[in-house]
Amino acid sequence: MSLLQAAIEPLAFPVLIGDIGGTNVRFALLSDANAEPRSFPPVETRSYPDIETAIEENVLAHTSVMPRSAVIAVAGPVSGNEVDLTNADWIVRPHDIVERIGVADVILLNDFEALALALPELKDNDLHRIGGGAIETFCTKVVVGPGTGLGVGGLAHAARIWVPLPGEGGHVSFGPVEPDEFPVWRAIEPEHGRISAESLLAGRGIVRLYRAVATVEGSMPQLHSPAMITDAALSGTDPCAERTIELYARLLGRLAGDLALVLMARGGVYVGGGIAPRLIPFLERGEFRRAFEAKAPHDELMRGMSTVVITRESPALLGLAAFARTPNRFGVSLTGRRWKKAAVAAH
Ligand SMILES: Nc1ncnc2c1ncn2[C@@H]1O[C@H](COP(=O)(O)OP(=O)(O)OP(=O)(O)O)[C@@H](O)[C@H]1O
């Protein structure tokens, strides 16, 4: 335990852990501190009116184990007693989880903070390395993950504990850099009046990028979903889709490099989320790593930093499980993010 922070009161087992994404929800149960989590199949967020119904139908209906605590990661900033998911219709209310699910203790974390907690747990066979560089033990790590949104998080090692650095880095402004990108940018439809990294690199961004590439090339966009575009690119059946995903890989590499520079990520840049594992053949073509390293005068520094794609299923649950088992191994502040039953009843 660190002397720098008050000890986190341990959670009572069984612990329900959950990763609530804009598209998918994943749950698991941790029966005690030494057990492997029991995972339940992922389900779609939009199929349920609220998180309590999703827990009842996908966890409680399939087990006699009654969770006593819950640690839930949500795609959005956690503040106050209501968390509005950035890319889904749910509003997560810890008071409702306590009342309907019957747990006495609820902790809410940001989803990329949970993913950051998982990074030291990931083994070689959970990762696919792109390019060279090294992962230095106990150095700062960065995670960036395109999915429904674009999550970003960091993990620093300080005072012998791992400290997650949550943020909303997916919303940074994103401009053209290389000559062929300027006409594409002029053809991109802005989102919320601007072009952010998320507006191009999240799932919906693939469609936005594809339309812009088609406009520049003077062709009619034929494909209308991220999966259609990546499938066509991977199978080589649509040249415009192929150029789009080639550009996508470059832009993702550039953002990953910028984030690595900001935090000096000698501990590695991890690419998570649902999209990157599908695009590994494109990430390996060279543009991803070239753009990652093109940070003159720091190209050499960049060549020394490692980029890896997380290929393990539901990695955020791994981070939540590690936190639930040994919360004091991590410097996670729970101020305003933990709800206890007694306090909820008095509310
Ligand atoms: N084959 C595919 N190629 C590219 N994108 C895809 C593919 N299949 C699904 N997607 C997109 O991936 C996104 C879902 O990503 P992910 O599985 O990481 O979901 P999530 O965890 O719910 O997202 P988040 O945590 O970002 O809210 C959606 O935008 C979807 O359109």
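Within any chain, residue numbers begin from 1 and follow the written order of that chain's sequence. Local features in this predicted model are restricted to residues of pLDDT 70 or higher, and side-chain atom pairs are both shown and tallied only at a pLDDT of 80 or more, whereas totals for entire chains, interfaces and linings draw on every residue. In computing side-chain values, all of the structure's heavy atoms are included and hydrogens and water are not.

K.L.:
I keep staring at the packing of aromatic side chains and nothing clicks. Help me out?
P.N.:
Whether two aromatic rings pair depends on their centres lying within 6.5 Å, for rings of Phe, Tyr and Trp, where Trp uses its six-membered ring; planes under 30 degrees apart make the pair stacked, over 60 edge-to-face, and the rest tilted. Within the structure shown, the criterion is met by 3 aromatic pairs. With a centroid separation of 6.1 Å and 40° between ring planes, the pair formed by Phe 138 and Trp 162 is classed as tilted. In this pair, Phe 138 sits in the loop between strand S9 (127-130) and strand S10 (141-146) while Trp 162 sits in strand S12 (residues 161-166), placing the two residues 24 residues apart along the sequence. The buried label goes to any residue with under 20% of its type's maximum accessible area, the exposed label to any with over 50%, and the partly exposed label to all in between, with areas taken from a 1.4 Å probe on protein chains only. Residue classification places Phe 138 among the exposed residues on the basis of a relative accessible area of 52%. For Trp 162, a relative accessible area of 7% corresponds to the buried category. Geometrically, the ring pair formed by Phe 174 and Trp 185 is tilted, given 6.2 Å between the ring centres and 55° between the ring planes. Here Phe 174 is found in the loop between S12 and helix H4 (181-187), whereas its partner Trp 185 is found in helix H4, with 11 residues between them in sequence. Helix numbers and strand numbers start at the N terminus; a helix is a DSSP run of H or I with at least 4 residues, a strand a run of E with at least 2.

K.L.:
Whenever I open this one, the pattern of salt bridges confuses me. Can you help?
P.N.:
Side chains that differ in charge, positive against negative, can pair when their charged atoms come close. Put simply, a salt bridge is a Lys or Arg side-chain nitrogen that is within 4 Å of an Asp or Glu carboxyl oxygen. Within this structure, the stated rule accounts for 28 salt bridges. In this structure, the salt-bridge partner of Glu 56 is Arg 100, at a minimum N-O distance of 3.2 Å. Of the two residues, Glu 56 sits in helix H1 (residues 51-58) while Arg 100 sits in helix H2 (residues 94-101), which places them 44 residues apart along the sequence. Close ionic contact of Arg 338 with Asp 105 constitutes a salt bridge, the shortest N to O distance being 2.7 Å. Pair noted here: Arg 338 is in strand S15 (residues 338-340) and Asp 105 is in strand S8 (residues 105-110), with a separation of 233 residues, a long-range link.

K.L.:
What is the right way to look at the site of the ligand in this model?
P.N.:
As a matter of local geometry, the ligand sits amid 17 residues, with Gly 22, Thr 23, Asn 24, Thr 230 and Gly 274 nearest to it. Residues adjacent in sequence count toward polar contacts only when both atoms are side-chain atoms; beyond that, a polar contact is any pair of N or O atoms within 3.5 Å, and within protein one must be able to donate a hydrogen and the other to accept it. Interatomic distance of 2.7 Å between a backbone N/O atom of Gly 274 and an oxygen atom of the ligand. Measuring from a nitrogen atom of the ligand, one finds a side-chain N or O atom of Arg 278 at 3.3 Å. Only the protein chains shown count as cover for residues, and the accessible areas themselves come from Shrake-Rupley with a 1.4 Å probe. Protein contacts shield 84% of the accessible area of the ligand, which totals 650 Å² for the unbound molecule. Residues are said to line a cavity or pocket when one of their atoms sits within 4 Å of a point; the points come from a 1 Å grid over protein atoms alone, cavities being sets where a 1.4 Å probe fits but cannot get out and pockets being open sets with protein on both sides within 12 Å along at least five of seven lines. Should more than half of a molecule's atoms lie within 2 Å of a pocket's or cavity's grid points, that molecule is taken to sit in it. If you map the ligand onto the pockets, it falls in the largest pocket. Considering each element in turn, the shell around the ligand owes the most residues, 3 residues, to helix H7 (residues 226-235). Segmentation into domains, and thus their bounds, comes from an automatic or database assignment. Here the shell around the ligand gathers at least three residues from each of two domains, domain 1 (15-109 + 320-346) and domain 2 (123-310). The criterion for a residue being near a molecule or strand is simple. One of its heavy atoms has to lie within 4 Å of it.

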